[in-house]
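Descriptive analysis of the structure
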Amino acid sequence: MTKYIIRRLLQTIPVLLGVSILVFSLMFLIPGDPAQVMAGEGASAQTVENLREKLGLNDPAYVQYGRYLSSALQGDLGNSIRSGRPVMEEIQTRFWVTLEVAIYSTILAVFIGLIAGIISAVRHYTLTDVSIMIIALFGLSMPNFWLGLLLIQWFALGNLPFDIPFPEFLKMRPSGWGDTWRQMVLPVITLGTGGAAIIARMTRSSMLEVIGQDYIRTARAKGVSERVVIYRHALKNALIPVVTIIGLEFGGFLGGAVLTETIFAINGMGRLTIDAIRQRDFPVVQGTVLVISLLFVVVNLLVDISYKFLNKRIDLN
Amino acid sequence: MNEMENILVVNNLQTTFKTDAGDIRAVDGVSFTVPKGKTIGIVGESGSGKSITSLTILRLLASNGRVNGGEVLFKGKDLLKLPEKAMREIRGNQISMIFQEPMTSLNPVYTVGQQIGETIQIHKKVGKKEAIQQSIEMLKLVGIPSPEKRVKQYPHELSGGMRQRVMIAMALACDPEILIADEPTTALDVTIQAQILELIKDLQNRLGMSVIMITHDLGVVAETCDYVAVMYAGQVVEYSDVRSLFKNPKHPYTLGLLNSLPRHDIEQEKLIPIKGMVPSPHEMPVGCRFAPRCPVATELCHNKMPQLLNTNDSNAEQIRCWMFSDEWDGDSEVTLYGEKRTIKG
Ligand SMILES: Nc1ncnc2c1ncn2[C@@H]1O[C@H](COP(=O)(O)OP(=O)(O)O)[C@@H](O)[C@H]1O
Ligand code: SF4
Ligand SMILES: [Mg+2]
């Protein structure tokens, strides 16, 4: 097992190198002279030249990349052009916010998704199953930002579509004092329910497939109760593909919750990236992309390891 | 035969499946008895309802399946009327089953020991440690070398033959009175097939259980069974002891089956396959289900379904064929697969 983890870790090195090359090339892929873009349109030729010299843009590309990589490895991703603060610092403060939202959203998604998926599979083709799947389809097709806006309308502003008094204490005001957890509630519901829909559908189809397997019939023929058949014999097998989806969801929450963060004014990684792109703050864009990619690689690694725990058939060699 | 000796009596079992293309009467008139300590064979072509018969006995049908009628009397009580909980206490404990596909019948995510141990834990109410200990004993019993090592392995680490041995160990762990073996060797290599059959026979002698051996292979029947029920299109068409079945087959279908097989014990001029095809489950003939293929079918055969009745010779022998009834409307002498036969009628 340790051997396997070490090998998988080593395998991530080329992936990360590739990502770093891509991220580094961002600099060259944007149209125009990066120094000119950074300095702004009104800057004099001298300012641009100074900036170019300062950024080392006159050196050959491989020298620049080498420099970029070696400082990145030491945790130095350069400084933000706008704020002048180290990119690493900018990312660190935002990362914890995003991580927190991502963790809660994943927990919510897994909790609702697994339960709904299992119920749906066990009662397949009944009214319960059909209802759950319709809700899931709805959750799947509804854009996150729309659900987010709806939730803000209803719960933050108290504009419920029906005429019932809305309890004051439940109103989520983003600006209230000391209620960061309350700020979390709506974004977590927004992200979590979307994730739950995907997990529920995946769990249902995976469970249905497993329930039709021969070894489930064997379990029943042993005199095992239906509960044990579902939870011990079927679920463990059915979870194998679901774990991948959960990992992808979590990775997505970490990197891609841009719209949700914008709508709920959460100062997370997504906002940081969007703001940096808007302000042409290249070092920050590079830094966030690099960190988000790294997170994806780590999540994937964790998924693979949990795979191995769940499925003894996977040959580690 | 004394009624008390029969551990299982199946009477006119009927099982249907709801499908999009209409109802399928997969089992429609299956009767046989299992004498204590004996092996009875259920033989028939693929799709004749052998597996569904055994799954109906244990009440393990897929959710679209329904038992429409009949009785399954296990030691006198009708299993079809038992509450689910009581049924669970019988499964794997008093009546066990092994399946055709050893490769997929074991749960891939649990060890051999966990899977055998589970049966032991449920039915014998012992702890985990004791269950694993007993699993090792069972593995020894079914002839698996180094059982202490095997007990900790996962199914994918075992060959097909080994896995079938594990299935047998699991099935026999609680000392069942009946073992249902649904084509236990069909998926295995020929050499392994013989070993597994030998093992089942040997364990039966040692443990004294009854065996229901399901197979499409008359060779397996000849080797292992005391009695045999021949199935055709969801029905038992002939039930008798093995010796008379091979020596003196009565039903035209049985005769056809035997004639389409190479045999060493009698002289055969040539193999004559049964012409035609098994009827589709959606369009069963109204009369005798074998009538479209039967060389001697009459008006009566096509219009009215024959019942499974005791023959005049012996009440251990049952035939579903108009030829053996007083109502027979055909010739009193017929030729079936090259064999002349006089009908008493
Ligand atoms: N779940 C099911 N739904 C519909 N039809 C089924 C189902 N299971 C079995 N059948 C049908 O029942 C018939 C008997 O099948 P089976 O007992 O498996 O035959 P065999 O004698 O080969 O074991 C077949 O026609 C099969 O297609
Ligand atoms: S009942 Fe008639 S058709 Fe059916 S097997 Fe007997 S003789 Fe043939
Ligand atoms: Mg079968």
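Read on for a plain summary of the structure. (Residues numbered from 1 in each chain as written. Chains lettered and ligands numbered in written order. Predicted model: local features only at pLDDT ≥ 70, side-chain atom pairs only at ≥ 80, totals over all residues. Heavy atoms only, no water.)

Here we come to the overall build of chain A. Regarding its fold elements, chain A presents 13 helices and zero strands. Shown N-terminal to C-terminal, the secondary structure of chain A runs as helices and strands in the order α-α-α-α-α-α-α-α-α-α-α-α-α. Counting over 317 residues, chain A shows a buried share of 44%. Long-range pairs, those at least 24 residues apart, make up 68% of the contacts in chain A between residues at least 6 apart in sequence. Split by element, the accessible area of chain A, about 17,000 Å² in all, is 66% carbon and sulfur. (Helix = DSSP H or I, 4+ residues; strand = E, 2+ residues; numbered from the N terminus. Buried < 20%, exposed > 50% of the residue type's maximum accessible area, 1.4 Å probe, protein only. Contact = heavy atoms within 4.5 Å. Areas by Shrake-Rupley, 256 points an atom, 1.4 Å probe, with all protein chains shown as cover.)

Our next topic: the sheet that holds strand E4 (residues 65-74) of chain B. Residues and elements named next belong to chain B. Reading across the sheet, the four strands line up as E2-E1-E4-E5 and stay open at both edges, with antiparallel pairing between neighbours. Of all strands in the sheet, those with a lone pairing partner are strand E2 (22-35) and strand E5 (77-78), marking the two edges. Bridge count for strand E1 (residues 6-19) against E2 is 11 bridges, and the pairing is antiparallel. Note on E2: the bridge partner recorded for threonine 19 is glycine 22. Lying on the sheet, helix H1 (residues 50-57) is in contact with E1, E2 and E4; it crosses E1 at an angle near 110°. (Pairing = 2+ DSSP bridges. Axes fitted to C-alpha atoms, helices over the stretch in contact; angles between N-to-C directions.)

Here we come to the site of ligand 2. Around ligand 2, 13 residues are found, and the nearest of them are Cys288, Cys294, Cys301, Cys321 and Trp322 of chain B. Considering only residue class, the shell around ligand 2 consists of 12 nonpolar, one polar and no charged. (Near = heavy atom within 4 Å. Nonpolar A, V, L, I, M, F, W, Y, C, P; charged D, E, K, R; others polar.)

Before going further, it helps to spend a moment on helix H4 (residues 128-141) of chain B. Residue and element names in this part refer to chain B. Look at H4: 20 Å from first C-alpha to last across 14 residues, which is about the 20 Å you get at 1.5 Å a residue. Along H4, the residues classified as buried are Ala131, Gln134, Ser135, Ile136, Met138 and Leu139. Taken together, the buried residues of H4 touch helix H3 (112-124), helix H5 (147-150) and helix H6 (160-172). Once H4 ends, the next one or two residues include glycine 143, with phi positive near 75°. (Expected span 1.5 Å × (residues − 1).)

A separate point is the nonpolar core. A general feature of soluble globular proteins is that nonpolar side chains tend to end up buried together. Leu8, Phe32 and Ile212 of chain B are the most contacted members of the largest nonpolar core, which has 106 residues in total. When residues no more than four places from it in sequence are discounted, the contact partners of isoleucine 212 of chain B are Leu8, Phe32, Val34, Ile40, Ile42, Ile57, Ile178, Leu179, Ile180 and Ala181 of chain B. By size, the runner-up hydrophobic cluster in this structure holds 65 residues, among which are Leu239, Phe253, Ala257 and Val284 of chain A. (Core = buried A, V, L, I, M, F, W, Y, C linked by side-chain atoms within 4.5 Å.)

What follows deals with the interface of chain A and chain B. Taken together, the 21 residues of chain A in the interface contact 24 residues of chain B. Taking both partners together, chain A and chain B bury about 2,100 Å²; carbon and sulfur atoms supply 57% of that area. In this assembly, chain A and chain B are joined by three salt bridges. Between glutamate 118 of chain B and arginine 232 of chain A there is a salt bridge; the shortest N-O distance is 2.6 Å. When residues of the side of chain A that touches chain B are traced back to their parent elements, those giving at least two are helix H9 (214-221) and helix H10 (226-256) of chain A. (Buried area = accessible area lost by both parts, 1.4 Å probe. Salt bridge = Lys/Arg side-chain N within 4 Å of Asp/Glu carboxyl O.)

Within the element layout of this structure, histidine 233 of chain A appears in helix H10. With 40 residues separating them in the primary sequence, histidine 233 of chain A and threonine 193 of chain A have C-alpha atoms 27 Å apart. Apart from residues no more than four positions distant in its own chain, histidine 233 of chain A is found in contact with Tyr215, Ile216, Ala219, Lys222, Val224 and Val228 of chain A together with Asn107, Tyr110 and Glu118 of chain B.

All names here are of chain B. Judged by which residues are buried, strand E6 (residues 95-98) turns out to be covered on both faces: Ile95 and Met97 on one side and Ser96 and Ile98 on the other are all buried. Across four bridges, the pairing between E6 and strand E7 (residues 178-182) is parallel. Residue pairing for E7: serine 96 is matched across the bridge by leucine 179.

So, on to the site of ligand 1. Residue and element names in this part refer to chain B. Taken together, 15 residues lie near ligand 1, and Gly47, Lys50, Ser51, Ile52 and Asn64 sit nearest. At 2.9 Å from an oxygen atom of ligand 1 is found a main-chain nitrogen or oxygen belonging to lysine 50. Interatomic distance of 2.8 Å between a backbone N/O atom of isoleucine 52 and an oxygen atom of ligand 1. Counting residues per element, the ones that place at least two in the shell around ligand 1 are E1, E2 and H1. Broken down by element, the residue count for the shell around ligand 1 peaks at three residues, all from H1. (Polar contact = N/O pair within 3.5 Å; in protein donor to acceptor, adjacent residues only side chain to side chain.)

Moving on to the packing of H3 of chain B against H4 of chain B. All names here are of chain B. Interhelical geometry of H3 versus H4 gives an angle of 115° and a closest axis separation of 8 Å. The chirality of how H3 crosses H4 is right-handed. In this structure, H3 uses Val112, Gly113, Gln114, Ile116, Gly117, Ile120, Gln121 and Lys124 to contact H4, whose residues at the interface are Lys128, Ala131, Ile132, Gln134, Ser135 and Leu139. Taken together, the residues of the contact of H3 with H4 sort by class into six nonpolar, six polar and two charged. (Left-handed = near helix turned anticlockwise from the far one by under 90°.)

The quantities given are spatial measurements derived from coordinates; they are silent on function.
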